[in-house]
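# Understanding the architecture of this molecule
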Amino acid sequence: METDLRLESSLWIGNKRYRAVLTGWHFKWTEVDKKNADKKTVSVPVAEVVGVEEGRVEILPQRSVEDTDKDFTVFYVKRSRSGGSCGLLWSLGRTQFSCPSRALRDQWIKHLRTALKTHSPLRPHRLLVFINPFGGKKKGREIYHSLVAPLFELAGISSHVIVTERANQARDHLLKKDLTGFDGVVCVGGDGMFSEILHGLIGRTQQEAGLCESDPTVTLQPCPLHMGIIPAGSTDCVCYATVGVIDPVTSALHIIIGDSQPLDVCSVHHASSVRYSVSLVGYGFYGDVLVESEKHRWMGPLRYDYSGTVVYLSNRSYAGVVQYLPADPLLSSPRDKTRCLSGCSVCSKSTERLFPHTSDSGSLYSSHFSQYSNDSEGEWVSVEGRFRCISLTCMSSSCARSPLGLSPSAHLADGTGDLILVWDTHPLNFLKFLHRHTSTQDQFDLPFVEVHRVKAVRFSLPEGREEGGHEEIGQLNCRIGDEERECVDTVSRNGSQQHLAQSVVGREIMNKHKMVTPILCGLCCKKTPTVSVWNCDGEILPFSEIFCKIHGQLVRLYARGIEDGSAMHSCSQGSDKSKSRCILYE
C-alpha cells in the first residue's frame, strides 16, 4: 500500500479534467466527468518516466517546443505487442497537462523530477557510445542520431560518441583509454560490435584486478560498467534474446531507465589465447557456414542463407571427443520446457548461489566468488564419435528467424550453458533438426540429438589424429599463439582439484554410423576437410581443440529480460517481493 503521497490536484488534458496523483512510486491521472465520477485511470511507474519538460513538447520524429506558462509534458514508457516477436515493444508515451496556474505547474515539474532522482538511482548520466557505420544495412549513424540521441537528451544523459573506422577499435579503446566518469558503454551495431565491447570491458576489468584472463583456472571479476545494445546489425541475436524485440527505441528506453540484466559469459581458451561468447560457440556446421560466408560478404545478410545451403549440401561430419562438467540437474534442465523471462526465478536464485555474501546488486562487483565451490557437483563426462555440429550457448540464442532459439530453455544468468551434440546422421534427418529451429517443434526430440546443461566443456580430436587445417583457414586473417599449451584438465574447488574422468563413455550406436558421400557433387567435389573451425559469436576461431568455462553473471546489460504479456501458465516460485517467474511454453 502506497502512503507516500507527494502531490494531488486537478489537471487538464485537452478540454477534459483529470485528477492527478503523484505518490512515491506511481504517477496516476483519472478522468473526472461533470458529476465528479471517476472514469479511466492511467498509471505510470515513476521508474518508467523518461522525462518532464516545460510547455508543450514533441521529441520524435523531431523536437518541437511550444512554450506556455501553464503546461508541462510528461514522457514515459508505453508498451505494445510486436507482431512476430516474443517480447513487448516499447515506445515513447507523451501526455501534455495544463494547470490552473504557473505556480502549480512548477510544483508538478519539481515533484516529478525529484521523484525520478529518488526512485531511479541506477539511471545512467554519462555514456560512452560506439557506432559501427558498416554493420547490417549500414544505418548505424542514422539510427543513433534520429532515434536514440533525442531520447538520451530528453533523459538528461550526456554521451561521448565514437564512430568506429576499423575492426576492434572499440575493444582497443576500452582496454587503453580512461573510462572515469562513464556509467556504461553502448554499442550501435550488431553482435560483432557487442562482442568488441564485451572483450574490451572484460579484459579491462581483469587487467585492473591483476588477473590473467587467459588462464582458465582464474575466476574472472565481474565488470563494473553496464553494457547497452542499440540493434543495427544483421541478426542482433544478443538483443533479441535479452529484450525480445529488435527495436532501437525499445533498447534506448531500457538504457535510459537503468534496467540491469546480469548475463553469463563463456570463456573459450586455446593455447595462450582467450575469447568470450554469450550466444554461440559452434563447431562443425556452424563453423563451416561462417567460413563459407566470409567469401561472400558482398551478398550482405543473404550470404548466411547461401552459405548454409552450400555447407548443408556438403554433408560433412567431424570426429571429436567432447568432455563436459554437468550442472546440478536439480536446479534446472534444458528439457524442462520453461523460458527465461524478466524476473526469472532460476536466475534470481542463481544470484544468491553465485554471490552468497551479497544482499544487493550494487555489491556484486566487490565480491570474489567461485562457481565451482560445491564439492558435491558431478564428475566430468566424456563422449566420442562423429558430429554434424556441436554447440554451446549461454542463452536461448533466439532471433527473428528462430523465435525459440538454439536452446529454448537456456537461462541468461544461471551460471550454466547448454551443450548441444548433433551426431552424424542422414542428411534428411539433419535437415529436420535445422528446420525445427524455425518452428515450435522440439529440436531435441530426435534420436541423434543430445543436450546437457553444463559449467565447462573441453573438445579435442580423437587420439592419433593431429589438428590439421580447415581448407579455408589459410585465407583467414586470424592469428593465434605459436606455442600450444595443454588446456587445464582441472578446475578450482576451494583449493582442491577435480580431475577429468579417466573413463570414456562408450557409444556403440555411433560405431554403426557410416560415412555418407556428399549428395551434390557439383558443389562438393573439393576435398572434404578432416577438421572444422569454431564459430565464436560470429568470429572464426581457426583451431579445433578448446576449453570452455561458464562465468556466471560476469557482465550486466541495460535490459530486464524478455517481457511477456500473454496469458501463459506461470510457474512462479519464491516470494512476492522477488517477483520471480518463468513460463511454461507448449
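The structure under discussion appears in the preceding block.
Described in the following lines is the structure provided in the data block. Everything numeric in this text was worked out from a predicted model, so none of it was measured. Sequence order as written defines residue numbering, which begins from 1 separately in each chain. Per-residue local features are limited, in this predicted model, to residues with pLDDT of at least 70; the limit for side-chain atom pairs, both in listing and counting, is 80 or more; totals at the level of whole chains, interfaces and linings are taken over all residues. With hydrogens and water stripped out, all remaining heavy atoms of the structure feed into the side-chain values.

Once that is clear, we can look at the overall build of the protein. Looking only at helices and strands, the protein features 12 helices and 27 strands. Think of it in three bands: residues with accessible area under 20% of the maximum for their type are buried, residues over 50% are exposed, and the middle band is partly exposed, with areas taken using a 1.4 Å probe on protein chains only. When the 586 residues of the protein are sorted by exposure, 56% land in the buried category. Contacts are residue-level and defined by heavy atoms, with any inter-residue pair within 4.5 Å sufficient. Taking contacts inside the protein between residues at least 6 apart in sequence as the whole, the part at least 24 apart equals 75%. All accessibility values rest on the Shrake-Rupley procedure with a 1.4 Å probe; residue burial counts only the protein chains present in the view. As presented, the protein carries roughly 26300 Å² of accessible surface, and 51% of it is formed by carbon and sulfur atoms. Comment: elements are numbered from the N terminus, with helices defined as DSSP H or I runs of at least four residues and strands as E runs of at least two.

A few words on helix α10 (residues 427-436). Within the span of α10, buried status applies to P427, F430, F433, L434 and R436. Packed against the buried residues of α10 are α7 (285-294), α8 (302-314), β19 (381-393), β20 (417-423) and β21 (449-460).

Before going further, it helps to spend a moment on the packing of helix α3 (residues 169-176) against helix α4 (residues 191-209). The convention used is that axes are lines fitted to C-alpha atoms, helices contributing only their stretch in contact, and that angles between N-to-C directions extend from 0 to 180 degrees. Direction vectors running N to C along α3 and α4 enclose 20°, while the axes themselves pass 8 Å from each other. On the basis of the axis angle, α3 is roughly parallel to α4. Judged by the sense of rotation from one axis to the other, the crossing of α3 with α4 is right-handed. On α4, the residues that touch Q169, A170, R171, L174, L175 and K176 of α3 are M193, E196, I197, H199, G200, L201, G203, R204 and Q207. Reported orientations rely on four angle classes, namely roughly parallel under 35 degrees, roughly antiparallel over 145, roughly perpendicular from 65 to 115, and oblique for the rest. We call a crossing left-handed when the near helix sits turned anticlockwise from the far one by less than a right angle, and right-handed when that turn is clockwise.

Burial analysis of β20 places 7 of its 7 residues in the buried class, the great majority of the element. Because side chains alternate across β20, one face comprises the buried residues G417, L419, L421 and W423, and the other comprises D418, I420 and V422, equally buried. For two strands to be treated as a pair, DSSP must find at least two bridges joining them. One ladder, built from 6 bridges, connects β19 with β20; its direction is antiparallel. Residue pairing for β20: I390 is matched across the bridge by L421. Note: β20 against β21, 6 bridges, orientation antiparallel.

Here the focus is the side chain of E450. Tracing the chain through its elements places E450 in strand β21. Residues adjacent in sequence count toward polar contacts only when both atoms are side-chain atoms; beyond that, a polar contact is any pair of N or O atoms within 3.5 Å, and within protein one must be able to donate a hydrogen and the other to accept it. One polar contact links E450 to H452, side chain to side chain, over a distance of 2.8 Å.

This part is about α4. By this rule the span expected of a helix is its residue count minus one, scaled by 1.5 Å. With 19 residues, α4 should reach 27 Å at 1.5 Å per residue; the first-to-last C-alpha distance of 27 Å fits that figure. Burial runs high along α4: 15 of the 19 residues are buried. Taken from the residues just after α4, G210 is the one with a positive phi, measuring 75°.

Let us now look at unusual backbone geometry. With an omega dihedral of 10°, the bond running from L60 to P61 counts as a cis peptide bond. The phi dihedral of N168 falls on the positive side, at around 70°, and the residue is not glycine. Exposure remark for N168: the relative accessible area of 27% places this residue in the partly exposed category. The backbone phi angle of D236 is positive, close to 55°, even though this residue is not glycine. Within the fold, D236 resides in the loop between β13 (226-231) and α5 (237-243).

Charged atoms that come close allow side chains of opposite charge to pair. Any Lys or Arg side-chain nitrogen located within 4 Å of an Asp or Glu carboxyl oxygen qualifies as a salt bridge. Using the criterion set out here, one finds 24 salt bridges in the structure. With a shortest N-O distance of 2.7 Å, R79 and E48 are connected by a salt bridge. Of this pair, R79 sits in strand β8 (residues 71-81) while E48 sits in the loop between β4 (38-45) and β5 (49-54), and the two are 31 residues apart along the sequence. Look at E48 and you get buried, because its relative accessible area is 8%. As a salt-bridge pair, R105 and D106 come within 3.1 Å of each other at their nearest N and O atoms. Linked by salt bridges that have partners in common, E48, R79, D259, R560 and E563 make up one network.

Between two aromatic rings, the relevant description is the distance of the centres plus the angle of the planes. The pairing test for Phe, Tyr and Trp rings, Trp by its six-membered ring, is centres within 6.5 Å, and the orientation test on the planes gives stacked under 30 degrees, edge-to-face over 60, and tilted for anything in between. A full pass over the atoms with the stated rule returns 18 aromatic pairs. Each ring, one from Y283 and one from Y318, has its centre 5.8 Å from the other, and the planes form 65°; the classification is edge-to-face. With a gap of 35 residues between them, Y283 in strand β16 (residues 281-284) and Y318 in strand β17 (residues 318-326) connect regions that are remote in the sequence. Given the relative accessible area of 2%, Y283 is considered buried. Ring geometry for F285 and F430: centres 5.3 Å apart, planes at 75°, overall edge-to-face.

Below, the discussion takes up the nonpolar core. Counting 46 residues, the largest nonpolar core has F285, V322, I390, L392, L419 and F433 as the members making the most contacts within it. With residues up to four places along the chain from it excluded, the contact list for L392 reads C266, S279, L280, V281, G417, D418, L419, V454, V457, C548 and I550. Nonpolar core, defined: a set of buried Ala, Val, Leu, Ile, Met, Phe, Trp, Tyr and Cys residues in which side-chain atoms within 4.5 Å join the residues together. Ranked by size, the runner-up nonpolar core spans 42 residues in total, among them F130, M193, F194 and V278.

Function cannot be inferred from these measures alone, as they are strictly geometric.
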